[in-house]
Amino acid sequence: MTRLIFLGPPGAGKGTQAKILAEICQIPHISTGDILRNEVAKGTPLGQKAKSYQEKGELVPDSLILDMMRDRLSQSDAAQGWILDGFPRNCTQAGFLEALLLDMHQECDRVLSLEVPDEVLIARLLGRAKKEGRADDTEEVIRRRLEVYREQTEPLIDFYRQRMKLTAVNGDRSMSEVTEQLKDAIDL
Ligand SMILES: Nc1ncnc2c1ncn2[C@@H]1O[C@H](COP(=O)(O)OP(=O)(O)OP(=O)(O)O)[C@@H](O)[C@H]1O
Ligand SMILES: Nc1ncnc2c1ncn2[C@@H]1O[C@H](COP(=O)(O)O)[C@@H](O)[C@H]1O
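As the structure is a computational prediction, the values presented were derived from the model and not from experiment. (Residues numbered from 1 in each chain as written. Chains lettered and ligands numbered in written order. Predicted model: local features only at pLDDT ≥ 70, side-chain atom pairs only at ≥ 80, totals over all residues. Heavy atoms only, no water.)

## What about the packing of aromatic side chains?
Taken as a whole and judged by the stated rule, the model has 1 aromatic pair. Between Phe159 and Tyr160, the ring centres sit 4.9 Å apart and the planes meet at 80 degrees, which makes this aromatic pair edge-to-face. Classification of Phe159 by relative accessible area gives buried; the value is 15%. For Tyr160, a relative accessible area of 6% translates into the label buried. (Phe/Tyr/Trp six-rings, centres within 6.5 Å; stacked < 30°, edge-to-face > 60°. Buried < 20%, exposed > 50% of the residue type's maximum accessible area, 1.4 Å probe, protein only.)

And the structure:
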């Protein structure tokens, strides 16, 4: 049973690496950003509410995210383990997840924090914009997403370090080198 959380700024490679580990471990990769983009594309009530926040690089309100994640983690495929990418994103979400897991008699095994310098992040995201055309990969929104990360998400590094769950990994290496570091961190 493997339960992992990826932390790291936008462009750190969370999605890239989470997909690889999810494939190896045969567990779901749960990306809140992907779930929300899918809801936006389908024009659901949740997507309509989330759209403007995503476009500006702001966090979608917790009131929408917490119910969404309670539902997702209760689905049958998540009983076999999971990799979270993009959640939790602030202290409220981290506290909620802790209580939810306790309630579900589950425990997160490890929190993997990918570290990458800002100039590399910006270059990667502008590169991704050309390939994938994500609405929030413009330079202005990328800078706002980095600010939001520093203000609201980065404090979770200490939150999980205090709980002895954190492993920091150098994300500024080739994709395969990062994968190897992550596999070492989780004894794969
Ligand atoms: N180790 C790496 N070296 C070079 N490029 C990378 C590396 N890891 C990921 N990338 C590229 O950087 C871009 C961002 O990666 P990815 O989407 O995995 O980041 P992320 O942390 O999930 O970002 P976000 O939080 O914005 O969704 C992608 O175009 C990806 O192909
Ligand atoms: N956990 C989240 N809380 C609030 N808002 C979120 C969360 N996860 C994603 N979002 C929104 O989606 C975009 C893109 O997220 P990525 O994880 O980078 O794909 C993010 O800027 C928030 O608007």
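Additional details are given in the paragraphs that follow.
## Thoughts on the site of ligand 2
Every one of the 16 residues lining ligand 2 counts as a neighbour, but Thr32, Gln54, Glu58, Gly86 and Arg89 are closest to it. One of the side-chain nitrogen or oxygen atoms of Thr32 is found 2.8 Å away from a nitrogen atom of ligand 2. One of the backbone N or O atoms of Glu58 is found 2.6 Å from an oxygen atom in ligand 2. Starting from 470 Å² of accessible surface for ligand 2 in isolation, the protein chains cover 96%. Residues of the shell around ligand 2, tallied by class, amount to 5 nonpolar, 5 polar and 6 charged. (Near = heavy atom within 4 Å. Polar contact = N/O pair within 3.5 Å; in protein donor to acceptor, adjacent residues only side chain to side chain. Areas by Shrake-Rupley, 256 points an atom, 1.4 Å probe, with all protein chains shown as cover. Nonpolar A, V, L, I, M, F, W, Y, C, P; charged D, E, K, R; others polar.)

## Describing the UniProt feature "binding site: AMP" (unreviewed entry) in the chain
Feature annotation in UniProt assigns "binding site: AMP" (unreviewed entry) to the following positions: Thr32, Arg37, Glu58, Leu59, Val60, Gly86, Phe87, Pro88, Arg89, Gln93, Arg134 and Arg145. Across 114 residues in sequence, these annotated residues place their C-alpha atoms as far as 24.4 Å from one another, rather than forming a single compact spot. With respect to the helices and strands, the residue Gly86 is situated in the loop between strand 3 (81-85) and helix 5 (91-103). Once you skip the residues sitting within four places of it in the chain, Gly86 turns out to touch Phe6 and Thr32. The topology assignment puts Arg89 in the loop between strand 3 and helix 5. Setting aside chain neighbours within four positions, we find Arg89 in contact with Thr32, Leu59, Gln152, Thr153 and Leu156. (UniProt positions renumbered as here; feature names shortened; annotations may be inferred. Helix = DSSP H or I, 4+ residues; strand = E, 2+ residues; numbered from the N terminus. Contact = heavy atoms within 4.5 Å.)

## Observations concerning the UniProt feature "binding site: ATP" (unreviewed entry) in the chain
In this structure's numbering, the residues bearing the UniProt feature "binding site: ATP" (unreviewed entry) are Gly11, Ala12, Gly13, Lys14, Gly15, Thr16, Arg128 and Arg173. With respect to the helices and strands, the residue Ala12 is situated in the loop between strand 1 (2-7) and helix 1 (14-25). For Ala12, the contacting residues outside a window of four places in its chain are Leu114, Val116, Leu121, Arg124 and Gly171.

## Focus on the environment of Lys56
Position of Lys56 relative to the elements: it lies in helix 3 (residues 45-56). Since its relative accessible area comes to 51%, Lys56 is described here as exposed. Note: C-alpha distance between Lys56 and Glu139 (83 residues apart in sequence) is 11 Å. Contact partners of Lys56, with chain neighbours within four places excluded, come to Val141 and Arg144.

## Considerations on the confidence of the model for the chain
Scored by pLDDT, the chain has a mean of 97; 100% of the residues are at 70 or more. What the predictor reports for the complex is a pTM of 0.98 with an ipTM of 0.99. (pLDDT = per-residue confidence, 0-100.)

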